[in-house]
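Observations on the model geometry
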Amino acid sequence: MSKISVNISQAAAVAPEATVKALLPEAADALAKVMNGTGAGNDFLGWTDLPTRTPAAELDDIIATAKRLQADCEYVVCVGIGGSYLGAKAVIEALSDSFSAYRADHRGPKVIFAGQNIGEDYLFELRNLLQGHRFGIIVISKSGTTTEPAIAFRILKEILEQQEGKQRAAERIVAITDAHRGALRQLATEEGYKTFVIDDNVGGRFSVLSPVGLLPIAVAGYDIKALMQGAAEMQKATAEPTLDNPAILYAATRNALYRAGKKIEILVNYNPKLHYFGEWWKQLYGESEGKDGKGIFPAAVDFSTDLHSMGQWIQDGERTIFETVLSVEAPEHETIVPTDNDNLDGLNYIAGRRVDEVNKMAELGTRIAHVDGGVPNLRITIPALREQWLGQLIYLFEKACGISGYMLGVNPFDQPGVESYKRNMFALLAKPGYEKETEAIRARI
Ligand code: PA5
């Protein structure tokens with residue numbers, strides 16, 4: 001069975017094998033906390049066995065709902081933010097034709113995301129796009145009370161109801177939320193929307209393998225059973241407390257690097273389809289580990305694009321950084337550099353070679369340069385950008401995140417810091433119930 005693998009050999013100058021091995025008991029203890037629910041945040045461990053416990057009937061229901069939306073809609077707008085947005089966006093981008101939005105022969109609905117920002121122009125332009133078109137909405141919010149998606153949903157629902165009438169609009173809306181609580185649950189019940197449940201014990205950033213990620217991915221036309229199959233394979237591969245467990249290896253090595261002063265991790269891709277995978281990973285690790293004054297700062301870069309912007313800093317700036325490269329072994333398509341008789345650009349030395357060969361040499365050349373420049377390099381190899389491997393990669397990062405967070409000494413499953421801006425925003429907007437805060441914040445501005 002092919003699978004993704006983790007290679008730490010190029011981090012040895014700062015995290016030698018012996019140091020990583022010495023962290024194995026700590027990593028094994030952290031794994032036990034994740035598996036047995038004996039650590040902080042243990043009421044949010046429902047993601048650990050989603051790949052194997054999700055009933056086939058639920059996957060079939062998701063697929064049937066996706067087919068109905070595909071048949072009825074030119075556009076499907078997925079409304080959500082944070083963990084209710086990034087996983088689906090990451091997988092869809094990784095699997096999609098880079099130019100599908102511009103293709104006249106595009107089959108099925110175009111999947112669009114909203115509610116992940118409060119840009120007035122974004123919502124205005126989206127409304128313009130949707131006017132007069134058949135569209136559906138998947139509204140996703142675990143709490144059911146998050147402001148950004150609630151605003152977008154209110155605007156989109158109004159357009160849909162104006163275009164289709166209340167009843168037909170309700171048939172084109174699917175809500176994914178808590179089983180009982182929150183404004184969205186209440187709205188969905190009253191309006192009669194089709195719903196899927198986010199389990200209480202699955203936190204937002206760990207929810208991509210639940211209906212939160214699976215429904216948008218299925219609507220975009222991708223094989224969610226293969227995605228779950230890959231995740232199930234990684235669930236099995238990350239069960240044992242050994243360094244052969246890639247989640248332990250990754251978690252232990254990044255903690256070894258952190259303790260040696262490497263405070264910043266960049267997740268690197270050499271394939272633009274992985275840009276949003278980096279965004280998903282940043283949320284997963286940033287929200288899980290950045291607390292109590294601790295945590296590796298997670299950043300993401302697209303190479304070779306960003307070698308022409310961030311390359312100087314990475315090669316030569318403060319030596320507090322390490323990189324984790326997502327290396328895709330096989331592209332989906334072949335493109336050869338053509339021969340040019342005039343050779344005015346001097347490129348004939350690579351004529352007849354695949355573009356991917358050039359990309360791989362950029363990757364190798366950069367790795368050698370960065371390691372020489374004091375940037376430890378971890379490499380995660382992915383056979384191809386297909387559902388199965390993405391499922392493996394998602395589960396690997398989730399499991400490693402739980403282990404790594406416990407090794408760091410934080411609760412990886414809460415996000416108390418996210419509330420601060422909300423409190424201020426509500427106070428500034430004079431939300432009912434925030435009268436005292438409104439008075440206090442107005443005195444400061
Ligand atoms: O990981 C998390 O818990 C957060 O990023 C949430 O997903 C995000 O804040 C959105 O929350 P909700 O799904 O409740 O609207």
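None of the values given here were measured: they were computed from a predicted structure.

**Some remarks on the site of the ligand**
In the vicinity of the ligand there are 13 residues, among which Ser84, Ser141, Ser143, Thr146 and Gln283 approach most closely. At a separation of 2.9 Å, an oxygen atom of the ligand approaches a polar backbone atom of arginine 205. Within the side chain of glutamine 283, one N or O atom sits 2.5 Å away from an oxygen atom of the ligand. Computed on the free molecule, the ligand has an accessible area of 390 Å², of which 88% lies beneath the protein chains in the complex. Each residue belonging to the shell around the ligand can be placed in one class, and the counts come to one nonpolar, nine polar and three charged.

**So, the pairing of strand S10 (residues 377-384)**
With eight of eight residues buried, S10 lies mostly within the body of the structure. In the sheet, strand S1 (residues 5-7) pairs with S10 via three bridges, with the strands oriented antiparallel. Bridge pairing links valine 6 to isoleucine 380 in S10. Relative to S10, strand S9 (residues 321-330) is paired through seven bridges, and the arrangement is parallel. Looking at the pairing, serine 327 lines up with threonine 381 of S10.

**Looking at the environment of glutamine 388**
Considering the arrangement of structural elements, one finds glutamine 388 in helix H16 (residues 387-408). Sequence spacing of glutamine 388 and isoleucine 112 is 276 residues, and the spatial spacing of their C-alpha atoms is 23 Å. Filtering out sequence-adjacent residues up to four positions away, glutamine 388 remains in contact with Ala226, Gly230 and Glu233.

**Remarks on the pattern of salt bridges**
Side chains that differ in sign of charge can pair as their charged atoms come close. One pass over the structure, following the stated rule, counts 28 salt bridges. The partner of arginine 259 in a salt bridge is glutamate 26, with the nearest N and O atoms 2.6 Å apart. Linking arginine 259 in helix H12 (residues 246-259) with glutamate 26 in helix H2 (residues 24-36), this pair joins segments that are 233 residues apart in sequence. Of the charged contacts in the structure, one is a salt bridge between lysine 282 and glutamate 279, with a shortest N-O distance of 3.2 Å. Of the two residues, lysine 282 and glutamate 279 both sit in helix H13 (residues 275-289), three residues apart, roughly one turn of that helix. Each of Lys157, Glu161, Lys166 and Glu191 takes part in salt bridges that share partners, so that together they form one network.

Cut-offs and rules
Residues numbered from 1 in each chain as written. Predicted model: local features only at pLDDT ≥ 70, side-chain atom pairs only at ≥ 80, totals over all residues. Heavy atoms only, no water. Near = heavy atom within 4 Å. Polar contact = N/O pair within 3.5 Å; in protein donor to acceptor, adjacent residues only side chain to side chain. Areas by Shrake-Rupley, 256 points an atom, 1.4 Å probe, with all protein chains shown as cover. Nonpolar A, V, L, I, M, F, W, Y, C, P; charged D, E, K, R; others polar. Buried < 20%, exposed > 50% of the residue type's maximum accessible area, 1.4 Å probe, protein only. Helix = DSSP H or I, 4+ residues; strand = E, 2+ residues; numbered from the N terminus. Pairing = 2+ DSSP bridges. Contact = heavy atoms within 4.5 Å. Salt bridge = Lys/Arg side-chain N within 4 Å of Asp/Glu carboxyl O.

Note that every value here comes from positions in space, so none of it alone points to a role or purpose.
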